[in-house]
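Fold and geometry: a report
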Amino acid sequence: MGKRIIVTGGAGFIGSNLVEALLADERIDKVLVIDNLSNGYYSNIEEFEGHNKFEFVNEDIRNAEGLITLFKGYDLISHQAALGSVPRSIQDPITSNDVNVGGTLNVLNAAVKNNIERVVLAFSSSTYGDSPTLPKVEHTIGKPLSPYAVSKYACEVYADVFHKVYGLNYVGLRYFNVFGPKQNPNNPYAAVIPLFCKALLNGESPVINGDGLTSRDFTFVSNALDANIKALFADNKEALNEVYNVACGERTTLKDLIRIINDELGTNIAAEYKNERAGDVKHSLADISKIRTLLGYNPQVSVEHGLRMVLRSYQNEQYSH
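What comes next is a walk through the structure. (Residues numbered from 1 in each chain as written. Predicted model: local features only at pLDDT ≥ 70, side-chain atom pairs only at ≥ 80, totals over all residues. Heavy atoms only, no water.)

**Comments concerning the overall build of the protein chain**
Using the following cut-off: Comment: elements are numbered from the N terminus, with helices defined as DSSP H or I runs of at least four residues and strands as E runs of at least two. C-alpha atoms define the radius of gyration, and 2.2 Å times the number of residues to the power 0.38 defines the globule rule. Throughout this description, buried means an accessible area under 20% of the type-specific maximum (1.4 Å probe, protein chains only), exposed means over 50%, and partly exposed covers the range between. We call two residues in contact whenever any of their non-hydrogen atoms come within 4.5 Å of each other. Accessibility throughout is a Shrake-Rupley quantity obtained with a 1.4 Å probe, and a residue counts as covered only by protein chains that appear here.
Scanning the protein chain from terminus to terminus reveals 10 helices and 13 strands. Taking 2.2 N^0.38 as the reference for a compact globule, 321 residues should give roughly 20 Å; the C-alpha atoms of the protein chain span a radius of gyration of 19 Å, in line with that estimate. Dimensions of the protein chain, computed from C-alpha atoms along their principal axes, come out at roughly 55 × 45 × 40 Å. Looking at the protein chain as a whole, 53% of its 321 residues qualify as buried. Partitioning the intrachain contacts of the protein chain with sequence separation of at least 6 by distance along the chain shows that 82% fall at a separation of at least 24. A total accessible area of about 13,800 Å² is found for the protein chain, and carbon and sulfur atoms account for 47% of it.

**Examining unusual backbone geometry**
The peptide bond linking Leu134 to Pro135 adopts the cis configuration, its omega dihedral lying at -5°. Tracing the sequence through the fold places Pro135 in the loop between strand 5 (118-124) and helix 5 (147-166). The backbone phi angle of Ser85 is positive, close to 90°, even though this residue is not glycine. On the secondary structure map, Ser85 appears in the loop between strand 4 (76-79) and helix 3 (86-91).

**Brief notes about the side chain of Arg174**
Rules: Any pair of N or O atoms that falls within 3.5 Å is considered a polar contact. Within protein, one atom must be able to donate a hydrogen and the other to accept it, and sequence-neighbouring residues count only if both atoms are side-chain atoms.
Topologically, Arg174 is positioned in strand 6 (residues 170-175). Under the relative-accessibility criterion, Arg174 is labelled buried at 3%. A polar atom in the side chain of Arg174 sits 2.8 Å from the side chain of Tyr128. Every residue in contact with Arg174, bar those within four places of it in the chain, is listed here: Phe123, Ser124, Ser125, Thr127, Tyr128, Glu138, Ile141, Glu156, Val243, Tyr244, Asn245 and Val246.

**As for the packing of helix 6 (residues 192-201) against helix 10 (residues 303-317)**
When two helices pack together, their arrangement is captured by the angle between the axes and the distance separating the axes. What counts is decided by this rule: For helices, the fitted axis covers only the stretch in contact; all axes are lines through C-alpha atoms, and the angles between them, taken along N-to-C directions, range from 0 to 180 degrees. Roughly parallel here means an angle under 35 degrees, roughly antiparallel means over 145, roughly perpendicular means 65 to 115, and every remaining angle is called oblique. Should the near helix be turned anticlockwise from the far one by less than a right angle, the crossing is termed left-handed; should it be turned clockwise, right-handed.
For the pair helix 6 and helix 10, the least separation of the axes is 11 Å and the interaxial angle reads 60°. Considering the angle they form, helix 6 stands oblique to helix 10. The handedness of the crossing between helix 6 and helix 10 comes out as right-handed. Residues Ile193, Pro194, Cys197 and Leu201 of helix 6 form the contact with helix 10, whose own contacting residues are Leu307, Val310, Leu311, Tyr314 and Gln315.

**A short note on helix 1 (residues 13-23)**
Burial runs high along helix 1: nine of the 11 residues are buried. For helix 1, the complete set of buried residues consists of Phe13, Ile14, Gly15, Ser16, Asn17, Leu18, Val19, Leu22 and Leu23.

**Details of the packing of aromatic side chains**
Note the following rule: Pairing of aromatic side chains here covers Phe, Tyr and the six-membered ring of Trp, requires ring centres within 6.5 Å, and sorts the geometry by plane angle: under 30 degrees stacked, over 60 edge-to-face, intermediate tilted. Note on geometry: a ring has a charge over it if NZ (lysine) or CZ (arginine) is within 6 Å of the ring centre and within 35 degrees of the ring normal.
What the rule picks out here adds up to six aromatic pairs. The rings of Tyr158, Phe162 and Tyr166 are connected pair by pair, giving a single aromatic cluster. Taking NZ or CZ as reference, Arg4 lies 4.5 Å from the ring centre of Tyr74, over its face. Cation over ring: Arg27 sits above Phe233, and NZ or CZ is 3.9 Å from the ring centre.

Written out as C-alpha coordinates, the structure reads:
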(Lines give C-alpha, C1' and ligand atoms only; values in the text may rest on other atoms or scores of the structure.)
Protein backbone atom coordinates (compact mmCIF):
# COMPACT_ATOMS: atom_id res chain seq x y z
CA MET A 1 0.00 0.00 0.00
CA GLY A 2 1.54 3.29 -1.09
CA LYS A 3 1.51 6.58 0.78
CA ARG A 4 -1.02 9.36 0.32
CA ILE A 5 0.61 12.78 0.40
CA ILE A 6 -0.53 16.40 0.49
CA VAL A 7 1.59 19.14 -1.08
CA THR A 8 0.63 22.64 0.04
CA GLY A 9 1.69 25.32 -2.42
CA GLY A 10 1.93 22.61 -5.06
CA ALA A 11 1.26 25.04 -7.92
CA GLY A 12 4.29 27.13 -6.97
CA PHE A 13 7.82 26.83 -8.30
CA ILE A 14 9.32 24.23 -5.94
CA GLY A 15 5.94 22.67 -5.15
CA SER A 16 5.05 21.89 -8.76
CA ASN A 17 8.47 20.38 -9.44
CA LEU A 18 8.01 18.27 -6.32
CA VAL A 19 4.54 17.14 -7.42
CA GLU A 20 6.02 15.91 -10.70
CA ALA A 21 8.65 13.88 -8.82
CA LEU A 22 6.11 12.43 -6.38
CA LEU A 23 3.71 11.37 -9.13
CA ALA A 24 6.56 9.34 -10.64
CA ASP A 25 7.44 7.74 -7.29
CA GLU A 26 6.15 4.18 -6.88
CA ARG A 27 5.91 4.61 -3.10
CA ILE A 28 3.17 7.23 -3.56
CA ASP A 29 -0.46 6.31 -4.32
CA LYS A 30 -2.02 9.78 -4.22
CA VAL A 31 -0.83 13.41 -4.44
CA LEU A 32 -3.27 16.10 -3.33
CA VAL A 33 -2.19 19.64 -4.25
CA ILE A 34 -3.58 22.45 -2.10
CA ASP A 35 -2.97 25.95 -3.47
CA ASN A 36 -5.01 29.18 -3.59
CA LEU A 37 -3.10 30.28 -6.75
CA SER A 38 -2.22 33.65 -5.21
CA ASN A 39 1.49 33.00 -5.68
CA GLY A 40 1.49 29.80 -7.75
CA TYR A 41 0.23 29.16 -11.27
CA TYR A 42 -2.21 26.48 -12.35
CA SER A 43 -0.21 26.24 -15.59
CA ASN A 44 2.60 24.70 -13.49
CA ILE A 45 0.43 21.65 -12.71
CA GLU A 46 -1.96 21.61 -15.66
CA GLU A 47 0.00 18.80 -17.30
CA PHE A 48 -0.92 16.47 -14.41
CA GLU A 49 -4.67 16.70 -15.07
CA GLY A 50 -6.03 13.23 -15.67
CA HIS A 51 -3.14 11.51 -13.86
CA ASN A 52 -4.67 8.79 -11.70
CA LYS A 53 -2.65 9.83 -8.64
CA PHE A 54 -3.24 13.59 -8.92
CA GLU A 55 -5.89 15.83 -7.37
CA PHE A 56 -6.01 19.63 -7.02
CA VAL A 57 -8.04 21.66 -4.51
CA ASN A 58 -8.11 25.46 -4.60
CA GLU A 59 -7.84 26.24 -0.90
CA ASP A 60 -6.04 28.75 1.32
CA ILE A 61 -3.86 27.45 4.16
CA ARG A 62 -5.32 30.24 6.29
CA ASN A 63 -8.59 28.25 6.37
CA ALA A 64 -7.93 26.19 9.51
CA GLU A 65 -11.16 24.17 9.45
CA GLY A 66 -10.87 23.52 5.72
CA LEU A 67 -7.42 21.97 6.19
CA ILE A 68 -8.61 19.66 8.98
CA THR A 69 -11.22 18.26 6.58
CA LEU A 70 -8.87 18.03 3.58
CA PHE A 71 -6.10 16.24 5.49
CA LYS A 72 -8.35 13.32 6.47
CA GLY A 73 -7.02 9.98 5.23
CA TYR A 74 -3.53 11.20 4.26
CA ASP A 75 -0.19 9.94 5.55
CA LEU A 76 2.39 12.63 4.74
CA ILE A 77 2.47 16.39 4.18
CA SER A 78 4.97 18.45 2.22
CA HIS A 79 4.34 22.03 3.29
CA GLN A 80 5.72 24.28 0.55
CA ALA A 81 3.07 27.04 0.66
CA ALA A 82 4.39 30.46 1.69
CA LEU A 83 4.63 34.07 0.66
CA GLY A 84 8.29 34.42 -0.22
CA SER A 85 10.33 37.57 -0.91
CA VAL A 86 12.02 39.86 1.60
CA PRO A 87 10.84 43.04 -0.22
CA ARG A 88 7.22 41.84 -0.24
CA SER A 89 7.37 41.18 3.51
CA ILE A 90 8.77 44.67 4.10
CA GLN A 91 5.95 46.22 2.05
CA ASP A 92 3.25 44.05 3.64
CA PRO A 93 4.39 42.34 6.86
CA ILE A 94 0.82 41.56 7.96
CA THR A 95 -0.02 39.28 5.02
CA SER A 96 3.42 37.61 5.12
CA ASN A 97 2.83 36.78 8.77
CA ASP A 98 -0.75 35.60 8.21
CA VAL A 99 0.26 33.20 5.43
CA ASN A 100 3.66 32.03 6.65
CA VAL A 101 3.06 31.81 10.40
CA GLY A 102 -0.73 31.48 10.64
CA GLY A 103 -0.91 29.18 7.63
CA THR A 104 1.88 26.93 8.92
CA LEU A 105 0.20 26.76 12.34
CA ASN A 106 -3.00 25.62 10.60
CA VAL A 107 -1.08 22.95 8.65
CA LEU A 108 0.58 21.63 11.82
CA ASN A 109 -2.72 21.68 13.71
CA ALA A 110 -4.57 19.82 10.93
CA ALA A 111 -1.73 17.28 10.81
CA VAL A 112 -2.11 16.56 14.53
CA LYS A 113 -5.92 16.33 14.28
CA ASN A 114 -5.55 13.74 11.49
CA ASN A 115 -2.66 11.73 12.97
CA ILE A 116 -0.40 12.52 10.00
CA GLU A 117 2.82 10.45 10.11
CA ARG A 118 5.22 13.22 9.12
CA VAL A 119 5.33 16.82 7.89
CA VAL A 120 8.22 18.13 5.80
CA LEU A 121 8.39 21.91 5.93
CA ALA A 122 10.04 24.45 3.64
CA PHE A 123 12.10 26.78 5.83
CA SER A 124 14.54 29.49 4.76
CA SER A 125 18.20 30.42 5.00
CA SER A 126 16.96 33.95 5.86
CA THR A 127 16.67 32.58 9.41
CA TYR A 128 20.43 33.03 9.79
CA GLY A 129 19.85 36.79 9.78
CA ASP A 130 22.77 38.92 10.88
CA SER A 131 24.99 36.01 11.94
CA PRO A 132 28.39 36.66 10.29
CA THR A 133 29.46 33.01 10.55
CA LEU A 134 30.31 31.27 7.25
CA PRO A 135 29.47 28.60 6.37
CA LYS A 136 26.04 28.63 8.01
CA VAL A 137 25.60 25.78 10.49
CA GLU A 138 22.08 24.82 11.57
CA HIS A 139 22.45 25.43 15.31
CA THR A 140 23.98 28.93 14.99
CA ILE A 141 21.64 31.70 13.86
CA GLY A 142 21.55 35.47 14.28
CA LYS A 143 18.77 38.02 14.51
CA PRO A 144 16.35 38.16 11.55
CA LEU A 145 16.72 41.11 9.16
CA SER A 146 13.21 41.18 7.64
CA PRO A 147 9.58 40.32 8.48
CA TYR A 148 9.92 37.36 6.10
CA ALA A 149 12.87 36.01 8.07
CA VAL A 150 10.94 36.42 11.33
CA SER A 151 7.97 34.54 9.88
CA LYS A 152 10.10 31.61 8.68
CA TYR A 153 11.92 31.35 12.00
CA ALA A 154 8.59 31.35 13.83
CA CYS A 155 7.57 28.36 11.70
CA GLU A 156 10.66 26.48 12.89
CA VAL A 157 9.79 27.19 16.51
CA TYR A 158 6.19 26.06 15.98
CA ALA A 159 7.30 22.79 14.34
CA ASP A 160 9.61 22.02 17.25
CA VAL A 161 6.88 22.77 19.80
CA PHE A 162 4.34 20.62 17.93
CA HIS A 163 6.78 17.73 18.11
CA LYS A 164 7.43 18.19 21.82
CA VAL A 165 3.81 18.84 22.83
CA TYR A 166 1.82 16.70 20.38
CA GLY A 167 4.36 14.15 19.17
CA LEU A 168 4.15 15.32 15.53
CA ASN A 169 7.16 14.19 13.50
CA TYR A 170 8.63 16.78 11.15
CA VAL A 171 11.66 17.56 9.02
CA GLY A 172 12.56 21.20 8.32
CA LEU A 173 14.47 22.18 5.18
CA ARG A 174 16.21 25.56 5.11
CA TYR A 175 16.34 26.38 1.41
CA PHE A 176 19.29 28.40 0.12
CA ASN A 177 18.24 30.37 -3.01
CA VAL A 178 16.62 27.57 -5.00
CA PHE A 179 16.27 28.14 -8.76
CA GLY A 180 15.11 26.17 -11.78
CA PRO A 181 12.29 25.60 -14.30
CA LYS A 182 8.80 26.92 -13.47
CA GLN A 183 10.28 29.86 -11.53
CA ASN A 184 8.44 32.70 -13.23
CA PRO A 185 10.59 35.76 -14.05
CA ASN A 186 7.44 37.82 -14.65
CA ASN A 187 6.28 37.54 -11.04
CA PRO A 188 6.50 41.01 -9.39
CA TYR A 189 8.66 39.46 -6.65
CA ALA A 190 10.74 37.25 -8.92
CA ALA A 191 14.05 35.96 -7.62
CA VAL A 192 17.39 37.15 -8.96
CA ILE A 193 18.26 34.25 -11.33
CA PRO A 194 15.01 34.38 -13.35
CA LEU A 195 15.30 38.18 -13.49
CA PHE A 196 18.90 37.99 -14.75
CA CYS A 197 17.98 35.31 -17.31
CA LYS A 198 15.01 37.29 -18.58
CA ALA A 199 17.04 40.49 -18.99
CA LEU A 200 19.96 38.85 -20.76
CA LEU A 201 17.70 36.78 -23.04
CA ASN A 202 16.10 40.07 -24.07
CA GLY A 203 19.47 41.77 -24.63
CA GLU A 204 18.88 44.09 -21.66
CA SER A 205 21.12 44.99 -18.73
CA PRO A 206 20.30 43.01 -15.59
CA VAL A 207 19.90 45.08 -12.43
CA ILE A 208 22.21 44.38 -9.50
CA ASN A 209 21.28 45.77 -6.09
CA GLY A 210 24.59 46.67 -4.44
CA ASP A 211 28.16 46.17 -5.67
CA GLY A 212 27.63 42.74 -7.24
CA LEU A 213 29.81 41.01 -4.67
CA THR A 214 26.80 39.80 -2.67
CA SER A 215 27.09 36.01 -2.64
CA ARG A 216 24.61 33.17 -2.30
CA ASP A 217 24.62 29.39 -2.15
CA PHE A 218 22.45 29.00 -5.26
CA THR A 219 20.79 25.59 -5.39
CA PHE A 220 19.23 23.95 -8.45
CA VAL A 221 15.70 22.72 -7.80
CA SER A 222 16.47 19.03 -8.38
CA ASN A 223 18.77 19.15 -5.35
CA ALA A 224 15.92 20.56 -3.25
CA LEU A 225 13.57 17.84 -4.56
CA ASP A 226 16.08 15.18 -3.53
CA ALA A 227 16.19 16.65 -0.01
CA ASN A 228 12.39 16.69 0.20
CA ILE A 229 11.95 13.10 -0.93
CA LYS A 230 14.70 11.86 1.38
CA ALA A 231 13.03 13.76 4.24
CA LEU A 232 9.62 12.25 3.46
CA PHE A 233 10.87 8.67 3.43
CA ALA A 234 13.81 8.68 5.86
CA ASP A 235 13.59 5.61 8.11
CA ASN A 236 16.39 6.76 10.43
CA LYS A 237 14.60 8.09 13.53
CA GLU A 238 17.59 10.27 14.37
CA ALA A 239 16.96 12.18 11.11
CA LEU A 240 13.47 13.26 12.20
CA ASN A 241 12.52 16.42 14.09
CA GLU A 242 15.58 18.23 12.82
CA VAL A 243 16.27 21.25 10.62
CA TYR A 244 18.65 20.97 7.67
CA ASN A 245 20.39 23.27 5.23
CA VAL A 246 19.47 22.51 1.61
CA ALA A 247 22.19 23.89 -0.63
CA CYS A 248 25.32 22.99 -2.60
CA GLY A 249 27.93 24.25 -0.15
CA GLU A 250 29.33 26.71 -2.72
CA ARG A 251 29.23 30.49 -2.96
CA THR A 252 28.47 32.44 -6.16
CA THR A 253 28.42 36.24 -6.43
CA LEU A 254 25.87 38.18 -8.46
CA LYS A 255 28.70 39.25 -10.80
CA ASP A 256 29.60 35.58 -11.27
CA LEU A 257 25.99 34.78 -12.19
CA ILE A 258 25.91 37.41 -14.91
CA ARG A 259 29.24 36.24 -16.29
CA ILE A 260 28.05 32.61 -16.45
CA ILE A 261 24.76 33.52 -18.15
CA ASN A 262 26.52 35.83 -20.63
CA ASP A 263 29.01 33.07 -21.45
CA GLU A 264 26.21 30.57 -22.00
CA LEU A 265 24.31 32.95 -24.29
CA GLY A 266 27.41 34.18 -26.10
CA THR A 267 26.64 37.76 -25.04
CA ASN A 268 28.58 40.42 -23.13
CA ILE A 269 25.93 42.62 -21.57
CA ALA A 270 26.98 44.75 -18.58
CA ALA A 271 24.86 45.03 -15.45
CA GLU A 272 23.14 48.15 -14.16
CA TYR A 273 23.90 48.87 -10.49
CA LYS A 274 21.41 50.19 -7.94
CA ASN A 275 21.32 50.60 -4.16
CA GLU A 276 21.34 47.56 -1.91
CA ARG A 277 17.90 46.45 -0.74
CA ALA A 278 16.80 46.72 2.88
CA GLY A 279 16.75 43.40 4.72
CA ASP A 280 19.17 41.61 2.39
CA VAL A 281 21.92 39.44 3.81
CA LYS A 282 25.34 40.17 2.25
CA HIS A 283 26.77 36.64 2.12
CA SER A 284 25.30 33.19 2.42
CA LEU A 285 27.00 29.81 2.32
CA ALA A 286 25.69 26.55 3.76
CA ASP A 287 27.38 23.82 5.70
CA ILE A 288 25.63 20.70 4.34
CA SER A 289 27.41 18.07 6.44
CA LYS A 290 24.36 17.46 8.68
CA ILE A 291 21.96 16.69 5.82
CA ARG A 292 24.61 14.56 4.11
CA THR A 293 25.10 12.49 7.26
CA LEU A 294 21.53 12.07 8.50
CA LEU A 295 19.50 12.12 5.26
CA GLY A 296 22.08 10.90 2.74
CA TYR A 297 21.67 14.08 0.68
CA ASN A 298 24.23 14.70 -2.02
CA PRO A 299 23.65 17.61 -4.44
CA GLN A 300 24.05 16.40 -8.03
CA VAL A 301 23.59 19.60 -10.06
CA SER A 302 26.07 22.48 -9.88
CA VAL A 303 25.14 26.14 -10.30
CA GLU A 304 26.61 26.30 -13.82
CA HIS A 305 24.87 23.13 -14.99
CA GLY A 306 21.62 24.31 -13.40
CA LEU A 307 21.88 27.70 -15.12
CA ARG A 308 22.28 26.00 -18.49
CA MET A 309 19.14 23.97 -17.88
CA VAL A 310 17.08 26.89 -16.65
CA LEU A 311 18.13 29.05 -19.60
CA ARG A 312 16.94 26.34 -21.96
CA SER A 313 13.62 26.10 -20.12
CA TYR A 314 13.08 29.88 -20.35
CA GLN A 315 13.91 29.84 -24.06
CA ASN A 316 11.46 26.97 -24.63
CA GLU A 317 8.70 28.59 -22.56
CA GLN A 318 9.33 32.01 -24.10
CA TYR A 319 9.23 33.59 -20.65
CA SER A 320 11.71 36.15 -21.81
CA HIS A 321 9.22 38.40 -23.59
